[in-house]
Amino acid sequence: MPRYEIARITAVTSQREGLQRVDTTRGRAYVLTQLTGPVGAGDDVVLNTTAVELGLGTGGWHIVHWNLANAAGWSAPGGGHVMKLRYTSLQSDTGVAEERDDYASPLDLDGRPVVAIGLHSQLAAVAVAFADTTAGRPKRLVYVMTDGGALPVALSDLVADLRDRDLLAATVTAGHAFGGDHEAVNVTSALDVAVACAHADAIVVGTGPGVVGTGTTHGHSPLEVAQLIDATAASNGRPIVALRVSDADARDRHRGVSHHSLTALARATTRATVAIPADDAAGDLGDVGQHDVVPVPVPDVAALLDDAGLRVTTMGRGPADEPRFFRYAAAAGALAAALTRT
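Residues numbered from 1 in each chain as written. Predicted model: local features only at pLDDT ≥ 70, side-chain atom pairs only at ≥ 80, totals over all residues. Heavy atoms only, no water.

J.: Quick rundown of the environment of Pro-277? Include the residues and the values.
T.: Note that Pro-277 resides in strand β14 (residues 273-277). Residue classification places Pro-277 among the buried residues on the basis of a relative accessible area of 1%. Setting aside chain neighbours within four positions, we find Pro-277 in contact with Val-296, Val-298, Arg-327, Tyr-328 and Ala-331. (Helix = DSSP H or I, 4+ residues; strand = E, 2+ residues; numbered from the N terminus. Buried < 20%, exposed > 50% of the residue type's maximum accessible area, 1.4 Å probe, protein only. Contact = heavy atoms within 4.5 Å.)

J.: Tell me about helix α9 (residues 323-339), and please be specific about residues and values.
T.: The terminal C-alpha atoms of α9, which comprises 17 residues, lie 24 Å apart, in line with the 24 Å expected from a rise of 1.5 Å per residue. Taken across its 17 residues, α9 has twelve buried, putting it largely inside the fold. (Expected span 1.5 Å × (residues − 1).)

J.: Describe in detail the pattern of salt bridges, supporting the description with residues and values.
T.: Taken as a whole and assessed by the stated rule, the structure comprises 15 salt bridges. Here Glu-5 makes a salt bridge to Arg-26, at a shortest N to O gap of 2.6 Å. With a gap of 21 residues between them, Glu-5 in strand β1 (residues 4-16) and Arg-26 in the loop between β2 (19-24) and β3 (27-32) connect regions that are remote in the sequence. The buried category is assigned to Glu-5, whose relative accessible area is 13%. (Salt bridge = Lys/Arg side-chain N within 4 Å of Asp/Glu carboxyl O.)

J.: Mind laying out the nonpolar core, listing which residues take part and the relevant values?
T.: Core analysis: the largest hydrophobic core is formed by 43 residues, its most contacted members being Val-115, Leu-123, Leu-162, Val-204 and Leu-305. When residues in this core are grouped by element, the largest group, ten residues, is from α9. Leu-162 has contacts with Leu-123, Ala-124, Ala-127, Leu-167, Leu-168 and Leu-310, leaving out every residue within four places of it along the chain. Of all hydrophobic cores here, the second largest spans 38 residues; its members include Tyr-103, Ala-226, Leu-265 and Ala-268. (Core = buried A, V, L, I, M, F, W, Y, C linked by side-chain atoms within 4.5 Å.)

J.: Give a detailed account of the environment of Ala-264, specifying residues and quantitative values.
T.: Tracing the chain through its elements places Ala-264 in helix α7 (residues 259-267). Apart from the residues lying within four places of it in its own chain, the contact partners of Ala-264 are Pro-222, Leu-223, Val-225 and Ala-226.

J.: Summarise helix α5 (residues 187-196); cite the residues concerned and give the values.
T.: Burial runs high along α5: seven of the ten residues are buried. Those residues of α5 not exposed but buried are Ser-189, Ala-190, Leu-191, Asp-192, Val-193, Ala-194 and Val-195. Where α5 is buried, its residues contact β6 (113-117), β7 (141-145), β8 (170-174), β9 (182-184), β10 (202-206) and α6 (224-234).

J.: Can you tell me about the packing of helix α3 (residues 122-133) against α9, naming the residues and giving the values?
T.: Look at α3 against α9: their axes get within 7 Å of each other, and the N-to-C directions meet at 40 degrees. Here α9 runs oblique to α3, going by the angle between their axes. Read as a crossing pair, α3 and α9 show a hand that is right-handed. Together, Gln-122, Ala-125, Val-126, Ala-129, Phe-130 and Thr-133 of α3 and Phe-325, Phe-326, Ala-329, Ala-330, Gly-333, Ala-334, Ala-336, Ala-337 and Ala-338 of α9 make up the contact between the two elements. Residue classes in the contact of α3 with α9 are distributed as twelve nonpolar, three polar and no charged. (Axes fitted to C-alpha atoms, helices over the stretch in contact; angles between N-to-C directions. Parallel < 35°, antiparallel > 145°, perpendicular 65-115°, else oblique. Left-handed = near helix turned anticlockwise from the far one by under 90°. Nonpolar A, V, L, I, M, F, W, Y, C, P; charged D, E, K, R; others polar.)

J.: Lay out the packing of aromatic side chains in plain terms, naming residues and giving numbers.
T.: A full pass over the atoms with the stated rule returns two aromatic pairs. Each ring, one from Tyr-30 and one from Trp-61, has its centre 6.3 Å from the other, and the planes form 55 degrees; the classification is tilted. Of this pair, Tyr-30 sits in strand β3 while Trp-61 is found in the loop between α2 (50-54) and β5 (62-67), placing the two residues 31 residues apart along the sequence. In this structure Trp-61 comes out as buried when scored by relative accessible area, which is 17%. Ring centres of Phe-325 and Phe-326 lie 5.1 Å apart, and the angle between their planes is 75 degrees; this geometry places the pair in the edge-to-face category. As far as the burial class goes, Phe-325 and Phe-326 line up, both buried. (Phe/Tyr/Trp six-rings, centres within 6.5 Å; stacked < 30°, edge-to-face > 60°.)

J.: Give a description of the sheet that holds strand β15 (residues 292-296) that names residues and reports values.
T.: With respect to topology, eight strands assemble into an open sheet ordered β9-β8-β7-β10-β6-β11-β14-β15, the strand pairing being parallel. The two strands at the open ends of the sheet, each matched to only one other strand, are β9 and β15. For this sheet, the mean inter-axis angle between neighbouring strands, taken without regard to orientation, is 30 degrees. Bridge count for β6 against β10 is four bridges, and the pairing is parallel. Opposite Ile-117, over in β10, you have Gly-206 as the bridge partner. This element, α6, spans β6, β10 and β11 (238-241) of the sheet and lies at about 155 degrees to β11. (Pairing = 2+ DSSP bridges.)

The structure is reproduced here in structure tokens:
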């Protein structure tokens with residue numbers, strides 16, 4: 001059950017569109033300003049303290065549920081009639097691109113490459129490799145964030161950094177994920193929106209921060225990669241899978257190619273392309289089933305991240321600790337770039 005406490009804001013430590021990070025008398029917290037409005041030092045607020053009580057990692061912050069300074073009420077203009085976080089006390093009329101009068105759904109993705117990721121940290125390697133491979137012929141890479149992890153895109157420091165560096169052209173938030181440049185009802189429609197509204201040349205789709213995993217065969221959010229493959233193929237896109245690979249994870253199920261990737265590939269009913277670094281083609285991939293394995297020349301992803309001023313980790317480990325994790329994700333980005341039309 002959730003736990004709530006009242007605390008006072010002592011300082012606003014950082015802020016950007018949709019998000020404030022604050023210090024409170026009960027510890028650090030963040031504010032999703034799209035849902036509750038902004039806060040200021042001295043405001044008394046209601047905190048959801050559940051994640052901290054459970055000792056969670058990515059989610060281990062208090063969350064401002066309500067600002068008591070707004071006792072008389074607070075509102076912000078919505079984007080339409082479609083609600084996200086439906087039937088909760090935080091449901092919000094975000095609206096969606098699909099309900100706009102000027103929205104024209106494309107017939108299909110027309111062969112555009114779509115990279116499916118199972119971990120949010122793969123996004124950076126996909127993006128820098130895509131940009132490096134398309135250098136000299138600028139192409140628009142659009143991120144579709146699913147609701148498999150964190151729901152607010154504003155919470156992703158990685159997305160904010162990639163947007164600041166023009167490594168992502170736009171974002172689309174699908175399902176109950178919210179706060180993107182464009183909102184969409186579901187993933188299949190979000191792929192349409194990425195083309196129709198964000199003018200994507202290529203798409204990367206997957207969970208936001210905070211992957212969910214239980215140690216069971218199917219109890220993890222990266223299983224959605226199977227549905228992402230099938231949705232892309234059904235819309236006449238080119239599904240590409242960024243494998244999750246680890247040489248440093250202490251858990252056997254994630255050593256080498258993670259069971260998350262292999263299980264999702266086994267559950268997909270349509271064929272995808274599995275990108276691997278060309279110089280690692282002899283590595284043990286495990287059983288990728290019906291899918292096509294394509295070796296790809298991979299740029300120096302650690303150098304690209306460093307040159308862009310991006311510090312990215314997966315489970316606390318960076319490119320020096322997990323080189324193959326980042327290189328396999330970069331292979332998918334490089335392949336997507338190679339498949340974009342000139």
